[in-house]
Amino acid sequence: GGNMKKRITLVQMASELGNPEKNYTIAGHLLEKAIAENPDIIVFPETLNVGFFPKNNLLAIADDNGQQTKAVFGQFAHKHHVNIVAGSVANKKNGKVYNTAFVFDRQGNCVCEYDKIHGFSPAGEHDFFAAGTNVVNFILDEIACSLVICYDIRFPEIIRTAALQGVDVLFVPAQWPLARKQHWVTLTTARAIENQMYVCAVNGCGWAGETRYGGNSVLISPWGEEIIHLGAEETIGTGEIDLSVIRDIRNSINVFRDRKPALYKL
């Protein structure tokens, strides 16, 4: 139904480690810049409220059940009648901290709450963040969407699990280091090609301690072509997707029909 073309604005934000008040203020300024691009969907990176990731006081500074995130992003979505994938935030629930992505529709309703499933064990994320247990599918403007966070993209099984429910756009908020930029671009591109969907992968940038985050946010077509590829600094970019091409791709190479799940041992 409706217009098959959508404008997506990628907000490649640099978060300050451990400073949520400052980061929500920065996010507010970036939202104002983003809305000037006339987007249908605005997308932010991972752990935008605290950076990736403060270990000494994480529980104290995490959002409380998404309240501040909903106040900032949900209200903006409602006021400006725009969809927002609010990256992810460190988020307290039941005395534990989760790495949670919130998605808001044009009315400002939260239509998706996804807790990152795979903690990045090399950084000890699994010791500080509780792991989610649900793959998500949701709708924005009648578009079938899903979402995973950062390290999750190294696990194609969960993305295929979501894709089998029908996904035309996958969002991937991340804090991926510049040192592994090639992995980031390769894996996000592979996910787009193998699942015949758009992938909107928005990475943070700047520094957290010794780690430089890589930017290089990408919007990739189901053919694996880069519609957007941002640089390494804090910036905003807007690209257009055309959902009518997905049908053509799946008609010409129908991997979903040709799968042989009886043979797959996962």
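What you are looking at is a predicted structure, and each value in this text was computed from that prediction instead of being measured. (Residues numbered from 1 in each chain as written. Predicted model: local features only at pLDDT ≥ 70, side-chain atom pairs only at ≥ 80, totals over all residues. Heavy atoms only, no water.)

## Examining the side chain of Ser15
Item 1. Note that Ser15 resides in the loop between strand E1 (5-12) and helix H1 (20-35).
Item 2. Judged by relative accessible area, Ser15 falls into the buried class, the value being 13%.
Item 3. Among the polar contacts made by the side chain of Ser15, one reaches the main-chain carbonyl oxygen of Leu48 at a distance of 2.9 Å.
Item 4. Ignoring sequence-local partners within four residues, the contact set of Ser15 consists of Asn23, Thr47, Leu48, Gly51, Cys205 and Trp207. (Helix = DSSP H or I, 4+ residues; strand = E, 2+ residues; numbered from the N terminus. Buried < 20%, exposed > 50% of the residue type's maximum accessible area, 1.4 Å probe, protein only. Polar contact = N/O pair within 3.5 Å; in protein donor to acceptor, adjacent residues only side chain to side chain. Contact = heavy atoms within 4.5 Å.)

## Describing the pattern of salt bridges
Item 1. Inspection of every chain in the model, using the stated rule, returns twelve salt bridges.
Item 2. When the shortest N-O distance is used, the salt bridge between Arg106 and Asp40 registers 2.8 Å. On the criterion of sequence distance, the pair formed by Arg106 in the loop between strand E6 (96-104) and strand E7 (110-115) and Asp40 in the loop between H1 and strand E2 (41-43) is long-range, its members being 66 residues apart. Taken individually, Arg106 and Asp40 each receive the classification buried, so the pair is uniform in this respect.
Item 3. When the shortest N-O distance is used, the salt bridge between Lys93 and Glu113 registers 3.0 Å. With Lys93 in strand E5 (residues 89-93) and Glu113 in strand E7, this pair connects stretches of sequence that are 20 residues apart.
Item 4. What makes Glu113 partly exposed here is its relative accessible area of 36%.
Item 5. Each member of the salt-bridge network shares a partner with another, and the members are Lys6, Asp40, Arg106 and Asp141. (Salt bridge = Lys/Arg side-chain N within 4 Å of Asp/Glu carboxyl O.)

## Brief notes about the sheet that holds strand E15 (residues 226-229)
Item 1. Within the open sheet, the six strands sit side by side as E8-E9-E10-E11-E14-E15. Their pairing is mixed. Every interior strand has two partners, whereas the edge strands, strand E8 (137-140) and E15, have only one. Strand-to-strand twist across the sheet, computed as the mean angle between neighbouring axes with direction ignored, equals 20°.
Item 2. Inspection of the sheet shows strand E10 (residues 169-174) paired to strand E11 (residues 198-203) by six bridges, in the parallel sense. In the sheet register, Val169 faces E11, and the bridge partner there is Tyr198. (Pairing = 2+ DSSP bridges. Axes fitted to C-alpha atoms, helices over the stretch in contact; angles between N-to-C directions.)

By themselves, these figures tell us nothing about what the structure is for.
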